[in-house]
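Now for the letters of each chain:
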Amino acid sequence: MKAKNLVVAVDIDGYIAERTKEKSYDFSDFTPIPRVIEKVNNLFRKGYVVIYYTARHQRYYESTYAWLIRYGCEFHALRMGKMHAHYYLDDRNATMEELINI
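About the cut-offs
- Residues numbered from 1 in each chain as written.
- Predicted model: local features only at pLDDT ≥ 70, side-chain atom pairs only at ≥ 80, totals over all residues.
- Heavy atoms only, no water.
- Phe/Tyr/Trp six-rings, centres within 6.5 Å; stacked < 30°, edge-to-face > 60°.
- Helix = DSSP H or I, 4+ residues; strand = E, 2+ residues; numbered from the N terminus.
- Buried < 20%, exposed > 50% of the residue type's maximum accessible area, 1.4 Å probe, protein only.
- Lys NZ or Arg CZ within 6 Å of the ring centre and 35° of its normal.
- Pairing = 2+ DSSP bridges.

### Focus: the packing of aromatic side chains
Next up, step 1: Taken as a whole and judged by the stated rule, the model has 4 aromatic pairs.
Next up, step 2: On the basis of an interplanar angle of 80° and a centroid distance of 5.7 Å, the ring pair of Tyr-52 and Phe-75 is categorised as edge-to-face. In this pair, Tyr-52 is assigned in strand β4 (residues 49-54) and Phe-75 in the loop between α2 (61-70) and β5 (77-80), connecting sequence segments 23 residues apart.
Next up, step 3: Judged by relative accessible area, Phe-75 falls into the buried class, the value being 13%.
Next up, step 4: With a centroid separation of 5.5 Å and 75° between ring planes, the pair formed by Tyr-65 and Phe-75 is classed as edge-to-face. Highlighted residues: Tyr-65 in helix α2 and Phe-75 in the loop between α2 and β5, separated in sequence by 10 residues.
Next up, step 5: The cationic tip of Arg-56 hangs over the ring face of Tyr-60; the distance from NZ or CZ to the ring centre is 6.0 Å.

### Points about the pairing of strand β1 (residues 7-11)
Next up, step 1: In terms of burial, β1 is largely enclosed, as 5 of its 5 residues are buried.
Next up, step 2: For β1 and β4, the ladder comprises 5 bridges, and the chain directions are parallel. For Asp-11, the partnering residue across the bridge sits in β4 and is Tyr-53.
Next up, step 3: The sheet contact formed by β1 and strand β6 (residues 87-89) spans 3 bridges and is parallel. Paired with Val-10 across the bridge in β6 is Leu-89.

Below, the structure written as structure tokens:
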């Protein structure tokens, strides 16, 4: 498959942003992780369809979108909740071996 045909779903919380206050959903309480944002931006520039997602409630859409723009994230869409994609970049990923041993 060529990059332009591939969708990359990128988790926000814990992957491109770190929470500075426990249990906060206010993005003013999140710190960007620039090196990860730049890597995702490179995927965007190579032609991948980059869709940021978060499991947060829809009411956080506008503040989440504004945070992404403020920190230079290049993307095609923002989705609230998990979605279908060819790849997931997520802080909660596990290998098959890890899952089998749970």
